2 protein chains.
Amino acid sequence: MISAEKMAMFGRFFYPRSVAVIGVSANEWAFGSLYLSTLIRFGYKGKLYPVNPRGGEFFGLSAYPSVKDIPNSADLAVISVPAPAIPSVLEDCLAKGIKAAVVVSAGFSESGEEGRSLEEEVVNIARKGIRVIGPNCFGTYCPSGGLSLLPGSVFARESGAVGLMAQSGQFPEMVALQSRGLGIRFSKVVSYGDACDLNEADFLEYLAEDAATKVIQVYIEGVREGRRFLDIVRRTSRTKPVILWKAGLTQLGKTAVSSHTGSLGGEEITWKAFFSQSGAVRVNSLEELIDATIAFLHLPPNCGPRVALVSGGGAGAVAGADACEYWGLSMPPLSGETRQKLSSLLPQIGASARNPVDMAIPFPPTQRLTSVLEVIAASEQIDAIIVRRIFLSQKGLSLVFGRNPPEEDQRELMDVPLVVKEKFGKPIIVVLCEEITDIEMLEFEADRRELRDYYLAHGIPVYPTLDRAIRALAHFVKYQEQRNRLETDLKLSSL
Amino acid sequence: MISAEKMAMFGRFFYPRSVAVIGVSANEWAFGSLYLSTLIRFGYKGKLYPVNPRGGEFFGLSAYPSVKDIPNSADLAVISVPAPAIPSVLEDCLAKGIKAAVVVSAGFSESGEEGRSLEEEVVNIARKGIRVIGPNCFGTYCPSGGLSLLPGSVFARESGAVGLMAQSGQFPEMVALQSRGLGIRFSKVVSYGDACDLNEADFLEYLAEDAATKVIQVYIEGVREGRRFLDIVRRTSRTKPVILWKAGLTQLGKTAVSSHTGSLGGEEITWKAFFSQSGAVRVNSLEELIDATIAFLHLPPNCGPRVALVSGGGAGAVAGADACEYWGLSMPPLSGETRQKLSSLLPQIGASARNPVDMAIPFPPTQRLTSVLEVIAASEQIDAIIVRRIFLSQKGLSLVFGRNPPEEDQRELMDVPLVVKEKFGKPIIVVLCEEITDIEMLEFEADRRELRDYYLAHGIPVYPTLDRAIRALAHFVKYQEQRNRLETDLKLSSL
């Protein structure tokens, strides 16, 4: 539990009633201007105070020459002026009673000796009563607070269950952009850069406490308070998954980190211990982070590691079996009874009633597909079903094969995974291949996206490749297993 | 060198003047029918003889009750009838003077004891004078021969430099579908399944000899003639890259292989030795295979491992440095002089003139981008430049940021990588992120595809993520290094 005072402090960053944007300029592509225009376009409802030394009007708002000139005070200051000017601007904010500031500007510890001493100045001012996110960051995005400080792009206005903290400006921007089309919505996002005052441990503590946040995404390059961070990750992991990408663990990566956020990268061996002790879900790319998030948002807690793969053709079935073993999932043999039932449903030629189940063709009749999935879902050997290379859209099928598909009801066909999932309470994961990439085939892409959105809206995780589906499922299963073990331990120790 | 007789034998599969399609049926989605309709839609110019025991008319062609009834003979028979009927159909073909047959049907060694003895029968008939591809396969696709036997989908009609052989039917279909939108065109494709007669070694020998084939893609689950195959891969690798995916090396994968193509999967340790001895480029997924192919099609032979990364923001720069080290590439520091020149071009804040070079914003002015790339391309420390997270399209930028972009000439902007590449003869690789995935944002996707096609048409490899770009480049560089070493060895030993 964190104190009410601390929650109020964070509130200024995520739910400010007024924002001073310091460093707005005539160049509308400069960061200060982008902040202001993004807030307006996002529909921020609070007071906005643009600040520019020469005054002027920006996006319909009159600028104040200095933060000292704004009426009353502001809950939050967003500052984008050259680094050497930051300390005096912060002092002005402090004098004005502003208690929270996002320092966007770069040019601090990541840029050498001079920057480091500048950062010390910032820290000293912060200690006098103004908390700082940054420098060298983008700040916060909080749909329920009605604000987005990620400059430029406009992100979703709806709230969701995912909290994201990233020691980078661009990273949350890219995650938020990709997420928008994948049905992932955010509770709170923070880009915190060099972390001179508020750091990774503080943000995680806040997201752990935040009731709206169910899944936490973390991108870090280094840590300021390693021990405290480990403790918080460990504690948080018991109730919420912490999906964490630690970048910059190679020699080349470390060098890049030091000029990006000025952090110390740390060693692989230390981080390996961190992951094994903390219970965090370890990912190594943006795709992997997003894929895992989709699994955590949609899969039921009781989902185990025993996969049945249902494939409309054999090549991917072999690759899928390889991937299951590689990622620590199992693909158990089906019982004789189940196999017999499947054999009676499948074509005699080219199909396989063994797991991975091969339906021989990628366009099985709706009734056959339903029956096959039902037989497998009823099997006690299986925890989750992955469906791949099966056309779940008549339109997609006819676009690829250039012919009218067998007569089927489209709605009935696309609903097969939903119906089976509901009936048996067993998770189904769909792989919708992104294999049609011609410029002329945008219609196929549109159809694929529609299908994807439909499944995601109905609790069915969707992935573009089988490998990615299996990897995401494995992350989910491993986390659940770990958490269950922990709960059992706790119960036993309380006997 | 393979004999003229053998080349003629392969010619019947890739350049047949007439094809008997045996097993056409009233169900237009049955394989026999799909073969016939695909050949017609592809525009096959030779004679087509559909065969159906009850005669009838299919897609405007009259069917013959048996292959014995077709006029004269045919260069090739494509047979899709139930497995037990295959031997007698093959005998009929033999009697009719047909010397080449694709046996599509499954139900042979991959399906148990009975299938195995059926396969022996097929092999015995083959020895009497009819060569067989299959069983349990799709057959051949050869644009310059005017035919595609990959049933259903219609693939590109233009020829290209890539030869593909796959022990699977679906695999080449998926590769060909994805390739179409990526500018990859094929010389010859063969799906060969259980390989009871012609096997992996035969096909590779043919592709190695084929003048139109410059890059060879291989998907295998097992081998029939391991020693011979190794020798041919080794010999071929000296002149053409052999990009090879061996699937089914885990225990689960092996089990899946045995019911897919009936092959013996082999052990990881054996295959590790195979790769180190053969010089084949080892890949582990369809994406990796295609990504590597793009690198081999577009990069110049002198491209070395020293990468400069130019990024419009820092998070990906760190991940890129990690990936370079992981994949064995280097990211050397730039000389003081180069750094100075870059510093004078880059914004003072948020940028980095070190490698990875961070341009601070993803929409640098055209002139600045050109100058930065030119300074780096002129550097003797650098072999290849990767550009990421930089908007090379005004339209894409305005779609993401929802505002009119700074005034620039679109053509001039998108031509920057081309101009620099031409001027300095140094490869440039572009990462065009696929991060906008909303259904409403299809326009962005269309714009991205146009840009991608433009670059690919002008010898600039394009990838959807930085990781994939780096991995593909690493495959290319490693292959070139190996080949150069080998050439030096050969020269030395001939002294």
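For the structure itself, consult the block above.
The following refers to the structure shown. (Residues numbered from 1 in each chain as written. Chains lettered and ligands numbered in written order. Predicted model: local features only at pLDDT ≥ 70, side-chain atom pairs only at ≥ 80, totals over all residues. Heavy atoms only, no water.)

## A word on the side chain of Thr 370 of chain A
Residue and element names in this part refer to chain A.
Here is step 1 of the chain: Tracing the backbone through its elements, the reader meets Thr 370 in helix α13 (residues 366-377).
Here is step 2 of the chain: Here Thr 370 falls in the buried class, since its relative accessible area comes to 12%.
Here is step 3 of the chain: Those residues in contact with Thr 370, other than ones at most four positions away along the chain, are Val 416 and Val 420. (Helix = DSSP H or I, 4+ residues; strand = E, 2+ residues; numbered from the N terminus. Buried < 20%, exposed > 50% of the residue type's maximum accessible area, 1.4 Å probe, protein only. Contact = heavy atoms within 4.5 Å.)

## Concerning the pairing of strand β2 (residues 47-51) of chain A
All names here are of chain A.
Here is step 1 of the chain: In terms of residue burial, β2 counts as a mostly covered element, since four of its five residues are buried.
Here is step 2 of the chain: Note: strand β1 (residues 18-22) against β2, five bridges, orientation parallel. Bridge assignment links Ala 20 to a residue of β2, and that residue is Tyr 49. (Pairing = 2+ DSSP bridges.)

## Concerning the sheet that holds strand β18 (residues 428-431) of chain B
Residue and element names in this part refer to chain B.
Here is step 1 of the chain: Strand order across the open sheet formed by five strands is β16-β15-β17-β18-β19, with parallel pairing between neighbours. The two strands at the open ends of the sheet, each matched to only one other strand, are β16 (357-358) and β19 (462-463).
Here is step 2 of the chain: Inspection of the sheet shows β18 paired to β19 by two bridges, in the parallel sense. Pairing of Val 430 across the sheet is with Val 462, part of β19.

## Considerations on the sheet that holds strand β11 (residues 186-191) of chain B
Residues and elements named next belong to chain B.
Here is step 1 of the chain: Within the open sheet, the seven strands sit side by side as β9-β8-β11-β10-β12-β13-β14. Their pairing is mixed. Of all the strands in the sheet, the pair left with one neighbour each is β9 (147-148) and β14 (281-283).
Here is step 2 of the chain: The pairing of strand β10 (residues 159-166) with strand β12 (residues 215-220) spans five bridges and is parallel. Its bridge partner being in β12, Val 162 is matched across the sheet by Val 215.

## Focus: the environment of Glu 412 of chain A
Here is step 1 of the chain: Of note, Glu 412 of chain A is situated in helix α15 (residues 410-424).
Here is step 2 of the chain: For Glu 412 of chain A, a relative accessible area of 46% puts it in the partly exposed group.

## A word on the packing of aromatic side chains
Residue and element names in this part refer to chain A.
Here is step 1 of the chain: This structure, assessed with the given rule, holds 40 aromatic pairs over all chains.
Here is step 2 of the chain: Ring plane angle 75° and centroid distance 5.3 Å describe the contact between Phe 296 and Tyr 479, whose orientation is recorded as edge-to-face. Taken as a pair, Phe 296 in helix α10 (residues 286-298) and Tyr 479 in helix α17 (residues 466-493) lie far apart in primary sequence, 183 residues in all.
Here is step 3 of the chain: A residue is classified by how much of its surface remains accessible, and Tyr 479, at 3% relative accessible area, is buried.
Here is step 4 of the chain: Cluster of aromatic residues (ring-pair linked, three or more members): Phe 10, Phe 14, Tyr 192, Phe 203 and Tyr 206.
Here is step 5 of the chain: One Lys or Arg, Arg 157, reaches over the ring of Phe 42 and ends 5.4 Å from the middle of that ring. (Phe/Tyr/Trp six-rings, centres within 6.5 Å; stacked < 30°, edge-to-face > 60°. Lys NZ or Arg CZ within 6 Å of the ring centre and 35° of its normal.)

## Overview of the interface of chain B and chain A
Here is step 1 of the chain: Each partner contributes residues to the interface: chain B has 91 residues there, and chain A has 90 residues.
Here is step 2 of the chain: Between chain B and chain A, roughly 6,800 Å² of surface is buried when both sides are summed, and carbon and sulfur atoms account for 59% of that area.
Here is step 3 of the chain: Between the two partners, chain B and chain A, sit six salt bridges.
Here is step 4 of the chain: With its nearest N and O atoms 3.2 Å apart, the salt bridge here joins Arg 449 of chain B to Glu 445 of chain A.
Here is step 5 of the chain: The interface formed by chain B and chain A holds 22 residue pairs in polar contact (both at pLDDT 80 or more) in total.
Here is step 6 of the chain: Broken down by secondary-structure element, the contributors of at least two residues to the side of chain B that touches chain A are α2 (31-42), α5 (170-180), α8 (251-260), α11 (315-326), α14 (394-401) and α16 (442-457) of chain B.
Here is step 7 of the chain: Per element, the largest residue contribution to the side of chain B that touches chain A is nine residues, and it comes from α11 of chain B.
Here is step 8 of the chain: Taken together, the residues of the side of chain B that touches chain A break down into 44 nonpolar, 26 polar and 21 charged. (Buried area = accessible area lost by both parts, 1.4 Å probe. Salt bridge = Lys/Arg side-chain N within 4 Å of Asp/Glu carboxyl O. Polar contact = N/O pair within 3.5 Å; in protein donor to acceptor, adjacent residues only side chain to side chain. Nonpolar A, V, L, I, M, F, W, Y, C, P; charged D, E, K, R; others polar.)

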